[in-house]
Amino acid sequence: MEDLVVGDDTGIIYYYMVEWPSNWEVTRDTWSGSMTLVAKLSLHSQQVCGLSWSADGQFFASGGNDNLCCFYSVDEVLGERREAVYDDRLGTRPPEGHGSEPEALALGMSLSRSNRQSIARSTNPWGSGGARRRAATRSSPNGFRRLGLSSAKHRWIHGAAVKAIAFCPWRDELVATGGGSTDKCIHFFHTVSGSALATIAVSAQVTSLI
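Residues numbered from 1 in each chain as written. Predicted model: local features only at pLDDT ≥ 70, side-chain atom pairs only at ≥ 80, totals over all residues. Heavy atoms only, no water.

Visitor: What am I meant to see in the pattern of salt bridges here?
Guide: Across all of its chains, the model carries three salt bridges by this definition. Between arginine 28 and aspartate 29 there is a salt bridge; the shortest N-O distance is 3.6 Å. Judged by relative accessible area, which is 54%, arginine 28 ranks as exposed. Under the relative-accessibility criterion, aspartate 29 is labelled partly exposed at 26%. Put simply, lysine 153 and glutamate 76 hold a salt bridge, and the shortest N to O gap is 3.5 Å. (Salt bridge = Lys/Arg side-chain N within 4 Å of Asp/Glu carboxyl O. Buried < 20%, exposed > 50% of the residue type's maximum accessible area, 1.4 Å probe, protein only.)

Visitor: What is the right way to look at the nonpolar core in this model?
Guide: What tends to happen in soluble globular proteins is that the nonpolar side chains get buried as a cluster. Among the nonpolar cores identified, the biggest contains 21 residues, and Tyr15, Leu41, Phe60, Tyr72 and Val77 are the most heavily contacted of them. With nine residues, the next largest nonpolar core counts Ala61, Phe71, Trp156 and Ile165 among its residues. (Core = buried A, V, L, I, M, F, W, Y, C linked by side-chain atoms within 4.5 Å.)

Visitor: Would you take a moment to explain the environment of glycine 79 for this structure?
Guide: In this structure, glycine 79 sits in the loop between α2 (74-78) and β7 (82-83). Here glycine 79 falls in the partly exposed class, since its relative accessible area comes to 28%. C-alpha of glycine 79 to C-alpha of arginine 145: the two residues are 66 residues apart in sequence and 8.9 Å apart in space. (Helix = DSSP H or I, 4+ residues; strand = E, 2+ residues; numbered from the N terminus.)

Visitor: What is the right way to read the sheet that holds strand β14 (residues 174-179) from this model?
Guide: Sheets are built from strands that pair by backbone hydrogen bonding, the pairs being arranged parallel or antiparallel. The strand order across the open sheet formed by four strands is β13-β14-β15-β16, and the pairing between neighbours is antiparallel. One side of each edge strand has no neighbouring strand; the edge strands of this open sheet are β13 (162-167) and β16 (196-201). The mean angle between the axes of side-by-side strands here comes to 20 degrees, regardless of whether they run parallel or antiparallel. As judged from the five bridges shared by β14 and strand β15 (residues 185-190), these two strands associate in the antiparallel manner. Residue valine 175 lies in a different strand from β15, and its bridge partner there is phenylalanine 189. (Pairing = 2+ DSSP bridges. Axes fitted to C-alpha atoms, helices over the stretch in contact; angles between N-to-C directions.)

Visitor: What am I meant to see in the packing of aromatic side chains here?
Guide: The geometry of an aromatic ring pair comes down to the distance between the two centres and the angle between the two planes. Using the criterion set out here, one finds nine aromatic pairs in the structure. Their ring planes at 25 degrees and their centres at 6.4 Å tell us that tyrosine 14 and tyrosine 16 sit as a pair that is stacked. Taking relative accessible area as the criterion, tyrosine 16 reaches 18% and is therefore assigned buried. Considering the side-chain rings of phenylalanine 71 and tryptophan 156, the 6.1 Å spacing of their centres and the 35 degrees angle between planes classify their relative orientation as tilted. Within this pair, whereas phenylalanine 71 is found in strand β6 (residues 68-73), its partner tryptophan 156 is found in strand β12 (residues 154-157), the two being separated by 85 residues in sequence. Residue class for phenylalanine 71 comes out buried when judged on its relative accessible area of 1%. Note on tryptophan 156: relative accessible area 5%, which makes it buried. (Phe/Tyr/Trp six-rings, centres within 6.5 Å; stacked < 30°, edge-to-face > 60°.)

Visitor: Help me out: how do you make sense of the sheet that holds β12 in this one?
Guide: If you trace the four strands from one edge of the open sheet to the other, you get β4-β5-β6-β12, paired in antiparallel fashion. The open sheet has two free edges, formed respectively by β4 (48-53) and β12, since each of these has just one partner strand. Within the sheet, the average angular offset between the axes of one strand and its neighbour, ignoring direction, is 15 degrees. Here β4 pairs with strand β5 (residues 59-64) via five bridges, running antiparallel. When the sheet's bridge partners are listed, tryptophan 53 is paired in β5 with phenylalanine 60.

The structure is reproduced here in C-alpha cells:
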C-alpha cells in the first residue's frame, strides 16, 4: 500500500490509500488494485501549491496560495480509522515473499517526492514480509473522514503563497518553508512545538527547497 495526498485549486486536500496488486494477485484474482479516499481536509481557502512528507512518513505539511502552511500528524488525521486488517478480498495474509512494501508519496498538482524505503519497515504492522498488509483505515466501504482547521497540528502564516516545503533529513523536528514574491524568505519551524526558529531573507520568491 501507498499513502497519497493530493491538493486541489479550491484548497482541499485528499488523503488516499492506494493498493497495488502483487503478481500472484493479478494472476489468481485478476485484481488490478484499488484507491480509497480515507480523509478530506478543508483548511486552505485557496489553491494548495505545496505538499511534503517527513522522512519517516508520519507527518506531512501543506502550503497554500492563502499564505498558510499547515503541519499534520498522520495518526491524528486518520484517527480511530487506523486499524490493522487482513486482505479483505482473500480473508487471509498473502504468501511470504510477494508484494511490494509501502512507501509514502506526496502530490500537489504534480508528483512531489517519495519517502525512504525505511518507511516500509516502520509502517508494516506484520513485520518484514513485503506482502503483509500495512495498517489500513476504513470506517465504512464508502466512508471517509471530513476534517477542518482543527486537524492541523500547527498552522504558520506567511507573507505570500507557500510553494516550497522541505523536512530536514537529519533532524526530524525541523521543517523549512519558502514564501512567495511578497514574502521572499525561507522560514524554519520546530515541528514538535510549532515555534518559529529562524528566517532568512533571500530577496526573491522561494519556489523550491531540497
